[in-house]
Amino acid sequence: MLANLLERVEQLARMTALSDSGDLAGLVALQEQAVSLATDLDGGQSVEVGQLARRIAELAESIVLRKLPDVDAAFRDIGNLIDRMQTEAARPAGADAAADLELISAWVANCEGTLSDLEGLLLTIEKNPGDREVLAEIRRAMHTLKGECGVLSLHTAQHLCHEAESLIDERLDAGDTVPVGPLLKLMDWMKAYAARLSSDPKAAPEGHEPLLAALSAARGPTPATPGAEPATRA
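Conventions used here
- Residues numbered from 1 in each chain as written.
- Predicted model: local features only at pLDDT ≥ 70, side-chain atom pairs only at ≥ 80, totals over all residues.
- Heavy atoms only, no water.
- Salt bridge = Lys/Arg side-chain N within 4 Å of Asp/Glu carboxyl O.
- Helix = DSSP H or I, 4+ residues; strand = E, 2+ residues; numbered from the N terminus.
- Buried < 20%, exposed > 50% of the residue type's maximum accessible area, 1.4 Å probe, protein only.
- Core = buried A, V, L, I, M, F, W, Y, C linked by side-chain atoms within 4.5 Å.
- Contact = heavy atoms within 4.5 Å.
- Phe/Tyr/Trp six-rings, centres within 6.5 Å; stacked < 30°, edge-to-face > 60°.
- Axes fitted to C-alpha atoms, helices over the stretch in contact; angles between N-to-C directions.
- Parallel < 35°, antiparallel > 145°, perpendicular 65-115°, else oblique.
- Left-handed = near helix turned anticlockwise from the far one by under 90°.
- Expected span 1.5 Å × (residues − 1).
- Arc of directions from axis to C-beta.
- Polar contact = N/O pair within 3.5 Å; in protein donor to acceptor, adjacent residues only side chain to side chain.

Hey, could you run me through the pattern of salt bridges in this one?
Two side chains bearing opposite charge may form a pair once their charged atoms approach each other closely. The final tally for this structure, using the stated rule, is nine salt bridges. Between Arg139 and Asp169 there is a salt bridge; the shortest N-O distance is 2.6 Å. Taken together, the positions of Arg139 in helix α6 (residues 132-151) and Asp169 in helix α7 (residues 155-173) put the pair 30 residues apart, joining distant regions of the chain. For the salt bridge of Glu165 with Lys146, the shortest nitrogen-to-oxygen distance reads 2.9 Å. Of this pair, Glu165 sits in helix α7 while Lys146 sits in helix α6, and the two are 19 residues apart along the sequence. For the residue pair Glu165 and Lys146, the accessibility class agrees, reading buried in each case. Each of the salt bridges in this network shares a partner with another, and the network as a whole consists of Arg139, Lys146, Glu165 and Asp169.

What exactly am I supposed to notice about the environment of Gly120 here?
Within the secondary structure, Gly120 is located in helix α5 (residues 97-127). Separated by 18 residues in the primary sequence, Gly120 and Ile138 place their C-alpha atoms 9.8 Å from one another.

What exactly am I supposed to notice about the nonpolar core here?
If you look at soluble globular proteins, the nonpolar side chains tend to sit buried side by side. Membership of the largest hydrophobic core comes to 40 residues, with the highest contact counts inside it found for Trp107, Leu154, Leu183 and Met190. Listing elements by their share of this core, those giving two or more residues are α5, α6, α7, α8 (181-199) and α9 (209-217). When sequence neighbours within four positions are dropped, the list of residues in contact with Leu154 reads Ile104, Trp107, Cys149, Tyr193 and Leu197. Counting 26 residues, the second largest nonpolar core, distinct from the first, contains Ile56, Ala60, Ile82 and Ala89.

Explanation requested: the packing of aromatic side chains in the structure shown.
Any pair of aromatic rings gets described here by the distance separating the centres and the angle formed by the planes. Overall, the coordinates contain one aromatic pair when judged by the stated rule. Summarising the aromatic geometry, the rings of Trp189 and Tyr193 are spaced 5.1 Å apart at their centres and angled 45° between planes, so their arrangement reads as tilted. Here the residue Trp189 and the residue Tyr193 both occupy positions in helix α8, the gap between them amounting to four residues, near one helical turn. Assessed through its relative accessible area of 9%, Trp189 is described here as buried.

Where do I start with the packing of α8 against α9 in this structure?
Packed helices, taken two at a time, are described by the angle their axes make and the gap between the axes. One can describe the packing of α8 onto α9 by two numbers: an axis separation of 9 Å at closest approach and a directional angle of 155°. In this view, α8 runs roughly antiparallel relative to α9, as classed from their interaxial angle. Crossing angle aside, the handedness with which α8 passes α9 is left-handed. Where α8 abuts α9, its residues Pro182, Leu183, Lys185, Leu186 and Trp189 lie against Leu211, Ala214 and Leu215.

I tried to follow α6 on my own but got confused; where do I start?
Structurally, the α-helix is built with 3.6 residues per turn, so residues lying three or four positions apart point the same way. Taking 1.5 Å per residue, 20 residues should reach 28 Å; α6 reaches 29 Å between its end C-alpha atoms and fits that length. Val134, Leu135, Ile138, Met142, Leu145, Lys146, Cys149 and Gly150 are the residues of α6 that are buried. The arc that holds the buried residues of α6, viewed along the axis, is 150°, so those residues lie on one side. Of the exposed residues in α6, the ones pointing more than 90 degrees away from its buried face are Arg132, Glu133, Arg140 and Val151. Two or three places before Glu133, at the start of α6, stands the capping residue Asp131, its side-chain oxygen 3.2 Å from that residue's backbone nitrogen. The positive-phi residue at the C-terminal boundary of α6 is Ser153, with phi of around 60°.

Shown next, in the form of structure tokens:
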């Protein structure tokens, strides 16, 4: 069952990668595939994968029917849902919840150092925006952090790290500087979340919507302003 589920999730991932807003036939096929997967998983062990598949189907349908003002954002949302599906599909059936909580506790114990190191790299980039070696190190660390959050099913944190990673990639691809302010705010949010998890490994993430909006907004180029202050925390 696990292998078959992984194959179907990977098929959805490939269909998503090959789709765009003008490919109506491809989007309809993606929607139908997602609905089929969700229906097959109703009442089964992989309930969360089924719920994610249903959400993908809804987004694909909304793109086809031109119900969404921001199609690019919808495709990003589908990509994030696919990431979560891949993580959940790879999780062994009947995984021990207590073991998951132990893993979260171990991750939290190491998180303070990881986030402090990343914060230091970001402050370095704030002073030297063109340091490609440090930027590459930040990109690698963010990718690792995203992966860890995915394995631990910390999906909101995973989504935020994904947005931060995309922000870095898009700005570098455009030959633009990477805005440090939103990334420092992410470090603050992650530290606060880790602190809550240290007291309660089941703690829900809080107040991520403004941060998500800030990360998304920063993906576009920022006009240079003479005499502007450094992009530190608000």
